[in-house]
Amino acid sequence: MRYREYNFDGLVGPTHNYAGLSRGNVASLTHAGQAANPRRAALQGLEKMRLVASLGVGQAVLPPQERPSLRTLRRLGFRGSDEEVLAQAASDPDSRDQLLRLTSSAAAMWTANAATCVPSCDSEDARLHLIPANLTAMFHRALEAGTTTTVLRRIFADPARFAVHDPLPGGAQFSDEGAANHTRLSAEGAKGVHLFAWGRRAFGGPAPAGEPQRWPARQTLESSQALARLGRVAPAQALFPQQHPAGIDAGAFHTDVLAVGTGNLLLLHQLAFVDHEALLARLRALVPGFTAVVATEEELPVSAAIKAYPFNSQLLTLPDGSMALLAPDESRQEPHARAFLERLPGVKIHYLALGDSMQNGGGPACLRQRILLSDDERAAVTARVFWDEPLGSELEAWVARHYRDRLVGDDLRDPLLARETLTALDELTQMLQLGAVYDFQRLDSRSF
Ligand code: SUG
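Note that the structure is a prediction, hence the values are computed from the model and not measured.

Conventions and cut-offs
Residues numbered from 1 in each chain as written. Predicted model: local features only at pLDDT ≥ 70, side-chain atom pairs only at ≥ 80, totals over all residues. Heavy atoms only, no water. Core = buried A, V, L, I, M, F, W, Y, C linked by side-chain atoms within 4.5 Å. Buried < 20%, exposed > 50% of the residue type's maximum accessible area, 1.4 Å probe, protein only. Contact = heavy atoms within 4.5 Å. 1 Å grid on protein atoms, 1.4 Å probe; cavity = no way out; pocket = protein on both sides within 12 Å on 5 of 7 lines; lining within 4 Å. Points joined across faces, edges and corners; volume = space filled by probe spheres on them. Nonpolar A, V, L, I, M, F, W, Y, C, P; charged D, E, K, R; others polar. Helix = DSSP H or I, 4+ residues; strand = E, 2+ residues; numbered from the N terminus. Phe/Tyr/Trp six-rings, centres within 6.5 Å; stacked < 30°, edge-to-face > 60°. Near = heavy atom within 4 Å. Polar contact = N/O pair within 3.5 Å; in protein donor to acceptor, adjacent residues only side chain to side chain. Areas by Shrake-Rupley, 256 points an atom, 1.4 Å probe, with all protein chains shown as cover. Sits in = over half its atoms within 2 Å of the grid points. Axes fitted to C-alpha atoms, helices over the stretch in contact; angles between N-to-C directions. Parallel < 35°, antiparallel > 145°, perpendicular 65-115°, else oblique. Left-handed = near helix turned anticlockwise from the far one by under 90°.

### Structural notes on the nonpolar core
Here is step 1 of the chain: Judged by nonpolar contacts, the single largest core of 100 residues is most densely connected at Phe 156 and Leu 283.
Here is step 2 of the chain: In this structure, Phe 156 is in contact with Phe 8, Leu 128, Leu 130, Phe 162, Val 164, Ile 371, Leu 373 and Val 381, ignoring residues within four places of it in sequence.
Here is step 3 of the chain: Grouped together as the second largest cluster of nonpolar side chains are 14 residues, Leu 100, Leu 407, Leu 412 and Leu 422 included.

Next comes the structure, spelled out in structure tokens:
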């Protein structure tokens, strides 16, 4: 059976802004309070999708989420019409607009965090498994899990082929960040080997190799183990490397900030994983032809890797078997990052302008969820989510119609912004043939 990788990119939502919400994410903290340009951000994302599609790689889209999340504000006790709910949240003296910032974030655009995917060629029950991430480490991101589950169930609707699970239950113990901590490696035609990385342990005391001291580790070992069980990955095919605590403390809040892999190639910084040499030795034994390219601290200081995101690139196998890497422009401008990328053997580098996403800590790899589909599985998806030029142009026109080109913190108080967003999303679900997926389309908002 023929399988093809599809990159499901998140469309940047109309409320994209810099709210400084993510502790441990250096870019998010650095750009807090700056003016954002949601329209440019969304168009940059679409340009990336067009490039991936033009290289012959599968491309698809996932919709943004409903923001501000009026439902969340109502669940917190604000009452009345949408306008009244917003006005009350905006005037809450203790929150100082933090409630608005948390419920208005467009962070669902980073769909690497939407779910963890185990393709049907790897799972023991030969179904495609998607486990939506609960994202409980950050309040603004935890809001995504419900709608993500609804959207994925709508797209991957056939239960004989697809299992879209519930997000992992609970709070801190089973905190899960999705594919940002997951890497699938494989030799041509062989079952994949899955790296389920994690940053801290929920049970049994701290990890023997230590845990970060400065910034939070978002994912637990226990959640990574649950993902492997739910995805029906055979135990021999699942590895659980620990993110290096010094890497997290330097700002690598997700594994994909310091490592990227596909096929039999893994690119990593020496601070991506604890004892990376032992990990690479195991991978050499498990993946025929496995190759790793390691950047040492000397070659590429971790601070430069975090600033320029060379590892947060999309590593793509093209139809002719050659490899391409889509890197953020920032890594062309940073000399160490650029030198590292340009020494990769046989990989063609494309640099992309994605500054609006990068300023919140999301590079090319954060913006996509990789889903490997067989031809039959692809044919079973009836939603209009796969990229073609007509869809691309319609999405561009939709962005031009609905998105603002400037957004600052105070704008989040504006009830018109909420209205514009809901109108845009309603139109989008029709374009993508998704049906009603948002709270405002499914529920009588006054009733919860
Ligand atoms: O979760 N930033 C996101 C960035 C996610 C990047 N994803 C991957 N590495 N896969 C986060 O920290 C910032 C929002 C703000 O501050 O306005 C934010 O949520």
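### Re empty space enclosed by the protein
Here is step 1 of the chain: Taken as a whole and assessed by the stated rule, the structure comprises six cavities of 30 Å³ or more.
Here is step 2 of the chain: Lining the largest cavity are 23 residues, and of these Ser 22, Ala 107, Trp 110, His 140 and Asn 360 lie nearest its centre.
Here is step 3 of the chain: Taken together, the residues of the lining of the largest cavity sort by class into eight nonpolar, 13 polar and two charged.
Here is step 4 of the chain: Taken as a whole, the second largest cavity holds about 120 Å³ of empty space.
Here is step 5 of the chain: Contributing to the lining of the second largest cavity are 15 residues, with Leu 62, Pro 63, Gln 65, Ala 114 and Thr 148 lying nearest its centre.
Here is step 6 of the chain: The greatest single-element share of the lining of the second largest cavity, amounting to five residues, is contributed by helix 7 (residues 144-155).
Here is step 7 of the chain: Residues belonging to the lining of the second largest cavity are distributed by class as follows: eight nonpolar, five polar and two charged.

### Points about the packing of aromatic side chains
Here is step 1 of the chain: If you walk through the whole model with that rule in mind, you get nine aromatic pairs.
Here is step 2 of the chain: Aromatic side chains Phe 156 and Phe 162 sit 5.2 Å apart centroid to centroid with 75° between the ring planes, which places their arrangement in the edge-to-face category.
Here is step 3 of the chain: Each residue in the set Tyr 6, Phe 8, Phe 156, Phe 162 and Phe 386 is aromatic and connected to the rest through ring pairs, giving one cluster.

### Notes on the site of the ligand
Here is step 1 of the chain: Taken together, 22 residues form the shell around the ligand, and within it Leu 21, Ser 22, His 140, Asp 256 and Cys 366 come nearest.
Here is step 2 of the chain: Between Arg 218 and the ligand, the recorded distance is 2.8 Å, taken from a side-chain N or O atom to an oxygen atom.
Here is step 3 of the chain: Residue His 254 places a side-chain N or O atom 2.9 Å away from a nitrogen atom belonging to the ligand.
Here is step 4 of the chain: Across the complex, the protein chains shield 100% of the 490 Å² of accessible surface that the ligand would expose by itself.
Here is step 5 of the chain: Structurally, the ligand is housed in the largest cavity.
Here is step 6 of the chain: Looking at the shell around the ligand residue by residue, the class counts come to nine nonpolar, ten polar and three charged.

### Quick word on the packing of helix 16 (residues 389-402) against helix 17 (residues 415-431)
Here is step 1 of the chain: Contact geometry for helix 16 and helix 17: axes closest at 10 Å, N-to-C directions at 165°. Taken as axis vectors, helix 16 and helix 17 run roughly antiparallel relative to one another. Like other packed secondary-structure pairs, helix 16 and helix 17 cross with a definite hand, here right-handed. Judged by residue contacts, Leu 391, Glu 394, Leu 395, Trp 398, Arg 401 and His 402 of helix 16 engage Glu 420, Thr 423, Ala 424, Leu 425, Glu 427, Leu 428 and Met 431 from helix 17.
Here is step 2 of the chain: Looking at the contact of helix 16 with helix 17 residue by residue, the classes come out as seven nonpolar, two polar and four charged.

### Here's the deal with the layout of surface pockets
Here is step 1 of the chain: The space that makes up the largest pocket amounts to roughly 1200 Å³.
Here is step 2 of the chain: In terms of lining residues, the largest pocket is bounded by 44 residues, among which Glu 5, Arg 184, Thr 262, Thr 317 and Leu 372 are the most central.
Here is step 3 of the chain: At the level of secondary structure, the elements contributing two or more residues to the lining of the largest pocket comprise strand 1 (3-10), strand 6 (182-185), strand 9 (259-262), strand 12 (314-317) and strand 15 (368-374).
Here is step 4 of the chain: In terms of residue count, the dominant contributor to the lining of the largest pocket is strand 15 (five residues).
Here is step 5 of the chain: Space inside the second largest pocket adds up to approximately 470 Å³.
Here is step 6 of the chain: As for the second largest pocket, its lining consists of 19 residues, of which Arg 71, Arg 75, Leu 143, Gly 146 and Asp 439 are closest to the centre.
Here is step 7 of the chain: Of all the secondary structure elements, the ones that give two or more residues to the lining of the second largest pocket are helix 3 (70-75), helix 6 (139-142), helix 7 and helix 18 (439-442).
Here is step 8 of the chain: In terms of residue count, helix 7 provides more of the lining of the second largest pocket than any other element does, four residues in total.
Here is step 9 of the chain: Partitioning the lining of the second largest pocket into residue classes produces seven nonpolar, six polar and six charged.

Just geometry here; none of it tells us what the structure is for.
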